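Breakdown of the fold
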Amino acid sequence: MDCKTARHWHIVIDGDNVPEDDLIVVGMWITGDEPWVELCHYECEPKEWYSDDPNNRGNCLREPDYWIESPD
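Here we summarise the structure given alongside this text. (Residues numbered from 1 in each chain as written. Predicted model: local features only at pLDDT ≥ 70, side-chain atom pairs only at ≥ 80, totals over all residues. Heavy atoms only, no water.)

1. Examining the pairing of strand β6 (residues 66-69)
Within a regular strand, side chains alternate between the sheet's two faces. As defined by bridge partners, strand β1 (residues 10-11) adjoins β6 across 2 bridges and the pair is classed as antiparallel. Looking at the pairing, H10 lines up with W67 of β6. Sheet analysis places strand β2 (residues 25-29) next to β6, joined by 4 bridges and oriented antiparallel. Residue M28 lies in a different strand from β6, and its bridge partner there is Y66. (Pairing = 2+ DSSP bridges. Helix = DSSP H or I, 4+ residues; strand = E, 2+ residues; numbered from the N terminus.)

So, in structure tokens, the structure goes:
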């Protein structure tokens, strides 16, 4: 059995601790009206988060509270 690298949640604070450019991750938003999770990615230029959910692909998102690498 292969051992995989342990994945952990990353806290995002004011644009710090973001994933590599265009890496699809799972974002978690816990602040606001209702918590939710969504597939998304970060683009260094223009420093924005975008949805990768099939129903919202390409829509700009507010910065998530946390993100984690999506499973293989």
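Let us keep going from here.
2. Quick notes on the sheet that holds β6
Across the sheet, which stays open at both edges, the 6 strands sit in the order β1-β6-β2-β3-β4-β5 with antiparallel pairing between neighbours. Edge strands, defined here as strands with exactly one partner in the open sheet, are β1 and β5 (60-61). Two strands pair when backbone bridges link them, and strand β3 (residues 36-43) and strand β4 (residues 48-51) are joined in this way by 4 bridges, in the antiparallel orientation. Note that in β4 the partner of H41 across the bridge is Y50.

3. Brief notes about the packing of aromatic side chains
For the coordinates displayed, the defined rule picks out 2 aromatic pairs. Ring centres 4.5 Å apart and planes at 5 degrees place the aromatic pair W29 and W36 in the stacked group. On the basis of relative accessible area, W29 is assigned to the buried category, the value being 0%. (Phe/Tyr/Trp six-rings, centres within 6.5 Å; stacked < 30°, edge-to-face > 60°. Buried < 20%, exposed > 50% of the residue type's maximum accessible area, 1.4 Å probe, protein only.)

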